[in-house]
Amino acid sequence: DGTPETQISAGPSEGGICCSTTVNIGWTAMDSVTPTDKLVYSWKLDSAAWSDYTADTSHLFTGLAEGSHIFYVRAKDTSGNVDATPSVLHFTVDLTSPTVSGVATAEQASRVTVSWLTSKPTTSQVEYGETTGYGSATSVDSSLVTSHSTAVTGLTPEKTYHFRVKSTDGCGRDVVSDDATFTTTADTNVPNTTIASGPSEGAKACSPSVRICWTGADDSTS
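No experiment lies behind these values; they were computed from the predicted model shown.

What counts and how
- Residues numbered from 1 in each chain as written.
- Predicted model: local features only at pLDDT ≥ 70, side-chain atom pairs only at ≥ 80, totals over all residues.
- Heavy atoms only, no water.
- Salt bridge = Lys/Arg side-chain N within 4 Å of Asp/Glu carboxyl O.
- Helix = DSSP H or I, 4+ residues; strand = E, 2+ residues; numbered from the N terminus.
- Buried < 20%, exposed > 50% of the residue type's maximum accessible area, 1.4 Å probe, protein only.
- Core = buried A, V, L, I, M, F, W, Y, C linked by side-chain atoms within 4.5 Å.
- Contact = heavy atoms within 4.5 Å.
- Pairing = 2+ DSSP bridges.
- Axes fitted to C-alpha atoms, helices over the stretch in contact; angles between N-to-C directions.

Enumeration according to the criterion identifies six salt bridges in this entry. For Lys120, the salt bridge is made with Asp94, and the minimal N-O distance between the two is 2.6 Å. With Lys120 in strand 9 (residues 112–129) and Asp94 in the loop between strand 7 (87–93) and strand 8 (100–107), this residue pair connects regions lying 26 residues apart in the sequence. Grouping residues by exposure puts Lys120 and Asp94 together as buried. The structure contains a network of salt bridges with shared partners spanning Asp94, Lys120, Asp169 and Arg173.

Written out as structure tokens, the structure reads:
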């Protein structure tokens, strides 16, 4: 008779984040002889002692401390064989809201790059406008990072804007920076003009009527 094989079937993902002090973890096992409903289980959390064997297949933990935790569970069959390799789950209880620091800007004529740091991995967004009511915002970058850089585009040269940065952690907790301002630079780049249609360069026209079309591009003027 071999030993049973235990596996965790419910709860946080391996290495996952829990956003509260209450966590429910479930488990199951398979055995070559003993039916699953006849197996019993023992578990422990962190450095605590193993629990008594019972038929329970889940446990609701409450009042967990913030920080990292390790959960272990093992099955035992009706012959007394115990899983020699308990199933293990690492998870972290996260109760802390993020903080923001190091907000900086790099101004150009029609765009500004805003950078900042957060105390934990979060999303990235910049709200901006001519007043503290803002009114515009960049799209949310959902990547969870601690070093942020977001480009604000379509701005008017030589104009002052109010802005603030907003980040959200994996638990949905927001942090918003204080209001600040940036001023775009003067538009010193000349536009680029291109002939779009008409005779090719150096070609002959076979009629006294010739239509020539052109277009232009500029980094600040649309």
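The next point concerns the nonpolar core. Of all hydrophobic cores here, the largest spans 17 residues; its most connected members are Ile25, Trp27, Tyr41, Phe61, Leu64, Phe71 and Phe91. Counting only elements with at least two residues in this core, the list comes to strand 3 (23–30), strand 4 (40–45), strand 6 (67–76) and strand 7. Sort the elements by how many residues they give to this core and strand 3 lands first, with four residues. Among residues more than four places away in sequence, those in contact with Phe61 are Thr21, Thr22, Val23, Ile25, Trp43, Leu45 and Phe71. Of all hydrophobic cores here, the second largest spans 11 residues; its members include Val114, Trp116, Val126 and Val152.

This part takes up the sheet that holds strand 6. Read from one edge of the open sheet, four strands run 2-7-6-4, paired in mixed fashion. Among the strands making up the open sheet, the edge pair consists of strand 2 (16–18) and strand 4. On average, each strand axis in the sheet is inclined to that of its neighbour by 30°, with strand direction left out of account. Judged from the six bridges that link them, strand 4 and strand 6 form a sheet pairing that is antiparallel. Opposite Tyr41, over in strand 6, you have Ala75 as the bridge partner.

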